[in-house]
Amino acid sequence: MASPFYRKPATPPGLYRAARALRRLSTIALVVLIVFVGFVAYSATQIVKAHPQVGSATVGFESNDTVGIVTSFSLNNPTYFAIQHFALHFLVLNDTDVRLVDSTAGPATIGPGRTASLPVELFVPVDAGGASLLTENQNLEWNLWGNASYAYLFTVSVGVESERAWGAPFDNLSIAVGHPMEANGQTEVPVTIGFVDDASFADAGTLEFQVVPPTGADCAQGSFALDVPAGSPYDETENVGVPAGCDPAGGHVSAEFVDGGTTVPLPSEAIP
């Protein structure tokens with residue numbers, strides 16, 4: 001016979017039971033989220049350890065009065081999550097803070113266990129902001145940053161700033177015109193050109209010049225065939241004929257570098 005003092009435990013209200021179940025589910029979800037975030041963080045470190053690779057670069061004059069830098073950037077994704085909207089941004093300033101390059105490569109998606117390569121094309125104007133990159137070495141400020149979405153939830157942005165030396169392909173360019181002289185039955189003037197190729201590429205082409213007097217038509221014109229390796233100096237003199245009565249003193253020499261179908265104007269040089 002049941003004791004008159006025993007009472008059957010009351011059944012908790014349905015709302016209480018639902019709240020208790022929700023708390024348990026929330027705890028489980030929090031644990032899962034913590035584990036997931038930890039796993040994602042660990043996976044992200046594997047991307048860093050994968051060491052992004054920069055391909056070999058091709059550098060040379062372009063037809064739009066720039067020096068073109070063509071290379072590639074490869075990134076390996078050894079993890080179980082995709083890297084989405086991966087893009088690189090480049091901003092290059094000269095030593096007077098003039099913006100020379102503002103360019104983007106990408107975006108691209110790198111699937112789990114895959115490697116992607118972004119083609120990079122940068123075009124540096126050789127005559128901008130006063131100092132000519134053709135004839136003056138200087139330091140350029142390079143800003144590079146990358147943006148991406150990782151594991152479908154997280155946004156990642158990494159930036160790098162550095163200062164790099166720019167080597168001018170015609171550093172300290174000098175074009176001098178000497179005094180007229182009589183030679184071979186005509187009047188000639190010696191034209192001397194000198195510079196140092198401090199760029200990372202050779203000056204291979206033709207330097208064409210015109211001797212321009214203070215008034216009137218050009219006195220003379222000529223050219224130098226160039227094949228100057230990177231890091232090498234150049235100094236040559238050529239005698240060019242001038243018409244009788246043409247005095248180049250007080251004028252200037254205009255010149256341009258021609259490489260195939262590319263013509264790059266050089267800064268003019270005054271004639272004393």
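In short, a report on the structure. (Residues numbered from 1 in each chain as written. Predicted model: local features only at pLDDT ≥ 70, side-chain atom pairs only at ≥ 80, totals over all residues. Heavy atoms only, no water.)

## What to know about the overall build of the chain
- Looking only at helices and strands, the chain features one helix and 16 strands.
- Across the 272 residues of the chain, 38% fall into the buried class. (Helix = DSSP H or I, 4+ residues; strand = E, 2+ residues; numbered from the N terminus. Buried < 20%, exposed > 50% of the residue type's maximum accessible area, 1.4 Å probe, protein only.)

## Brief notes about the pairing of strand E7 (residues 138-150)
- Judged from the nine bridges that link them, strand E4 (residues 83-93) and E7 form a sheet pairing that is antiparallel. Opposite Ala 87, over in E7, you have Asn 147 as the bridge partner.
- Relative to strand E8 (residues 154-166), E7 is paired through 13 bridges, and the arrangement is antiparallel. Along E8, the bridge assignment pairs Asn 147 with Ser 157.
- Connecting E7 to the next strand, E8, in antiparallel fashion are three residues, including Ala 151 with a positive phi near 60°. (Pairing = 2+ DSSP bridges.)

## What to know about the sheet that holds E8
- Taken in spatial order, the four strands of this open sheet run E5-E4-E7-E8, and their pairing is antiparallel. The open sheet has two edge strands, strand E5 (99-110) and E8, and neither has a second partner. Mean inter-strand twist for the sheet, computed between neighbouring axes without regard to direction, equals 15°.
- As defined by bridge partners, E4 adjoins E5 across eight bridges and the pair is classed as antiparallel. In the strand pairing of E5, Phe 90 is matched with Ser 103. (Axes fitted to C-alpha atoms, helices over the stretch in contact; angles between N-to-C directions.)

## Considering the sheet that holds strand E13 (residues 220-228)
- What the four strands build is an open sheet, ordered E13-E12-E15-E16; its pairing is antiparallel. Across the chains shown, the open sheet's two edge strands, defined by having one partner strand only, are E13 and strand E16 (262-270). Taking the axes of each pair of neighbouring strands and ignoring which way they run, one obtains an average angle of 20° across the sheet.
- Note: strand E12 (residues 203-212) against E13, nine bridges, orientation antiparallel. Of the residues in E13, the one forming a bridge with Ala 204 is Asp 227.

## Thoughts on the nonpolar core
- Counting 59 residues, the largest nonpolar core has Phe 86, Phe 170, Val 191, Leu 207, Phe 209 and Leu 226 as its most contacted members.
- Every residue in contact with Val 191, bar those within four places of it in the chain, is listed here: Ile 175, Ala 176, Val 177, Phe 209, Val 211, Phe 224, Glu 236, Thr 237, Glu 238 and Val 240. (Core = buried A, V, L, I, M, F, W, Y, C linked by side-chain atoms within 4.5 Å. Contact = heavy atoms within 4.5 Å.)

## As for a negative patch on the surface
- Together, Asp 95, Asp 97, Glu 136 and Glu 163 make up a negatively charged patch on the protein surface.
- Mapped onto the elements, Glu 163 comes out in strand E8.
- A relative accessible area of 62% means that Glu 163 is categorised as exposed. (Patch = residues over 30% accessible without salt bridge, like charges linked within 9 Å, V, L, I, M, F, W, Y side chains within 5 Å. Areas by Shrake-Rupley, 256 points an atom, 1.4 Å probe, with all protein chains shown as cover. Salt bridge = Lys/Arg side-chain N within 4 Å of Asp/Glu carboxyl O. Lys, Arg positive; Asp, Glu negative; His and termini not counted. Charge placed at Lys NZ, Arg CZ, Asp CG, Glu CD.)

## Quick look at unusual backbone geometry
- For the bond running from Gly 106 to Pro 107, omega is 5°, close enough to zero to count as cis.
- Within the secondary structure, Pro 107 sits in strand E5.
- Phi at Asp 97 takes a positive value of approximately 65°, unusual for a residue other than glycine.
- Relative to the assigned elements, Asp 97 resides in the loop between E4 and E5.

## Observations regarding the packing of aromatic side chains
- Enumeration according to the criterion identifies eight aromatic pairs in this entry.
- Aromatic pair Phe 61 and Phe 257: ring centres 5.3 Å apart, planes at 50°, arrangement tilted. In this pair, Phe 61 sits in strand E2 (residues 58-62) while Phe 257 sits in strand E15 (residues 252-259), placing the two residues 196 residues apart along the sequence.
- Overall, Phe 61 belongs to the buried group, its relative accessible area being 10%.
- What makes Phe 257 buried here is its relative accessible area of 1%.
- A network of ring pairs unites the aromatic residues Phe 61, Phe 170, Phe 195, Phe 201, Tyr 234 and Phe 257 as a single cluster.
- We note Arg 164 situated over the ring of Trp 142; from NZ or CZ to the ring centre the distance is 5.4 Å. (Phe/Tyr/Trp six-rings, centres within 6.5 Å; stacked < 30°, edge-to-face > 60°. Lys NZ or Arg CZ within 6 Å of the ring centre and 35° of its normal.)

## Focus: the environment of Pro 267
- By the element assignment, Pro 267 lies in strand E16.
- Exposure remark for Pro 267: the relative accessible area of 27% places this residue in the partly exposed category.
- As for Pro 267 and Ser 254, which are separated by 13 residues in sequence, their C-alpha atoms are 7.2 Å apart.
- The contact partners of Pro 267, leaving out residues within four places of it in the chain, are Ser 132, Thr 135 and Leu 173.

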